[in-house]
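# Inside the fold
Residue strings, one per chain:
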Amino acid sequence: QSTMTVNAHRYCSYYLILLLFSNITILLSSAFSATRPSAESPSAKTIMSDQASQEERRTPITRRRYYSPFLSPLHGSNTNSAALIILNTPIKLTANSSLPDVFRVLWKSTSFHVCADGGANRLYDATIGPSSSGDDIDENDALVPDLITGDLDSIRSDVRSYYEKKGVPIVCVEDQNYHDLDKSLMAVEKWIEKLTTTSSSSSSSNGDNESNGFNQSSQAFIYGGFGGRFDQEMACINTLYSWGQKEAFQQTQMSIFDEETGVILLPEAPISNEILIRFPDVEEGDDNESREKSDQVEVGEGPTCGLIPIGARCDRVYTSGLKWNLDGDMPLEFGGLVSSSNRIVDKVVTVKTSSPLLFSFEIVKR
């Protein structure tokens, strides 16, 4: 009985020691967890966000400026380094049967013109067909594309015959995994590569690789990406995004236009995007007076704009020059904030973003 009592006391002592050790372990674990936030806690997210912001600040910034094609002169923008892709969307003539203003400006602002398959029908109908303007026949006859490409299931036989006689290369790309816009961008990609090689040789010989602190860049305008079927519009936006990630387009400003609206693809940091549009909501002084005296209606991007996330959530967006600027605290994402109906209140808008964005604007006439 004495031995049993001793064993009972011994087991009770062991149990108390184990219980005490277990409590100490729990207390230490809780204290450690309190001082080290989990990856899911707001504090951890804030720390990781701050670390990412600090890393971005340490990365050298490359400035890229979007030059509006409606500005004259184009603030140093080189027409020889700009391409225009015409999609299979109607080119609606004006009331006096002239070419629409945006299309006319984009054509004159570019040196390489590509029709995406049925886009050749649209160009022909607007410039040569029965509905085209007789007054502009000499000018319209000069509107001949440099290339027609796609799977060529939409181009009419009379249109193909006409442009073949004009010496326009017509290239069939049958791969159905790609849209006609993709196939047109393939041609633009090759053109940019040749342009880059020529520009690099010229810059090296002149000892000049940059101008005014901005990286040299080409421009690719896509006309007719809006106003049709919604799925085609989204496919056009998706193509803009995916091609904007390609190596050959890293220094190419890509945008989509029609006669009512336009969008620019803005690359992510370390690029700082600077945007100049034709009609910001600012006093224009002498420019405004001269326009009133000339009584000439001008067209261009208007002050209403938006910032639309595309491809991924934009954790940090910093802007200046807008009525409602973003300071990096509020992410842009579908299901959250999408900046729409904003307003440009400065001559230059700057946007720095952690992921690619679309900058949209209205087209106005004054």
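Residue numbers restart at each chain and count upward from 1, following the sequence in its written direction. Totals for whole chains, interfaces and linings use all residues, but because this is a predicted model, local features are given only for residues with pLDDT of at least 70 and pairs of side-chain atoms are given and counted only at 80 or more. As a rule here, side-chain values cover all heavy atoms of the structure and leave hydrogens and water aside.

### Re empty space enclosed by the protein
Stated formally: Put plainly, a pocket is an open set of points on a 1 Å grid over the protein atoms alone with protein on both sides within 12 Å along at least five of seven lines, a cavity is a set where a 1.4 Å probe fits but cannot get out, and a lining residue has an atom within 4 Å of a point. Grid points are joined across faces, edges and corners, and a volume is the space filled by probe spheres set on the points. Segments assigned H or I by DSSP are reported as helices when at least four residues long, segments assigned E as strands when at least two residues long, and all are numbered from the N terminus. Each residue receives one of three labels: charged for Asp, Glu, Lys and Arg, nonpolar for Ala, Val, Leu, Ile, Met, Phe, Trp, Tyr, Cys and Pro, and polar for the others, Gly being one of them.
Summed over all chains, the structure comprises two cavities of 30 Å³ or more. If you add up the space inside the largest cavity, you get close to 50 Å³. Lining the largest cavity, in full, are R64, R65, Y66, Q253, I264, L265, L266, P267, N273, E274 and I275. Among the elements of the structure, β1 (62-67), β10 (261-266) and β11 (271-276) are those that each provide at least two residues to the lining of the largest cavity. Residues belonging to the lining of the largest cavity are distributed by class as follows: six nonpolar, two polar and three charged.

### Focus on unusual backbone geometry
Selection rule: Three labels apply to residues, based on accessible area from a 1.4 Å probe with only protein chains included: buried if under 20% of the type maximum, exposed if over 50%, partly exposed otherwise in between.
The amide bond that connects A269 to the next residue, P270, takes the cis arrangement and shows omega of 20 degrees. With respect to the element layout, P270 can be found in the loop between β10 and β11. A positive phi angle, close to 60 degrees, is found at L152, a residue other than glycine. The residue L152 is located in the loop between β4 (147-150) and α6 (157-165) in this model. Even without a glycine there, the phi angle at S341 is positive, about 55 degrees. Among the secondary structure elements, S341 is positioned in strand β14 (residues 339-343). Given the relative accessible area of 57%, S341 is considered exposed.

### Some points on the pattern of salt bridges
Formally: Any carboxyl oxygen of Asp or Glu within 4 Å of a side-chain nitrogen of Lys or Arg constitutes a salt bridge here.
Applying the stated rule across the entire model yields 11 salt bridges. Salt-bridge contacts for K365 lead to D101; the nearest nitrogen and oxygen are separated by 2.9 Å. One end of the pair, K365, is in strand β16 (residues 357-365); the other, D101, is in helix α3 (residues 101-108), and 264 residues separate them in sequence. In this structure, E164 engages R160 in a salt bridge whose closest nitrogen and oxygen atoms are separated by 3.2 Å. Of this pair, E164 and R160 both sit in helix α6, four residues apart, which is roughly one turn of the helix. A relative accessible area of 44% means that E164 is categorised as partly exposed. Of the residues examined, R160 reaches a relative accessible area of 30% and is grouped as partly exposed.

### A closer look at the confidence of the model for the chain
In plain terms, the rule: pLDDT is a residue-level measure of predictor confidence that goes from 0 to 100. Contact criterion: two residues are considered in contact whenever any of their non-hydrogen atoms come within 4.5 Å of each other.
Considering every residue of the chain, the mean pLDDT works out to 80; 69% of them sit at 70 or more. Below a pLDDT of 50 lies the segment residues 34-49, which in the model reaches nine contacts outside its immediate sequence neighbourhood of four places, other chains included. For the stretch residues 208-214, pLDDT sits under 50, and the model shows 13 contacts to residues farther than four places along the chain or on other chains.

### Digging into the pairing of strand β9 (residues 252-257)
Inclusion rule: We call a crossover right-handed when, viewed with both strands directed away from the observer, the connection leading from the first strand over the helix to the second proceeds clockwise. Two strands qualify as a pair provided DSSP detects at least 2 bridges between them.
Burial runs high along β9: six of the six residues are buried. Neither face of β9 is exposed, since T252, M254 and I256 on one face and Q253, S255 and F257 on the opposite face are all buried. In this region the chain leaves strand β8 (residues 218-223), passes through helix α8 (residues 230-244) and returns to the parallel neighbour β9; the handedness of that crossover is right-handed. Across three bridges, β9 lies against β10 in antiparallel orientation. Its bridge partner lying in β10, F257 is registered against G262. Joining the antiparallel neighbours β9 and β10 is a turn of three residues.

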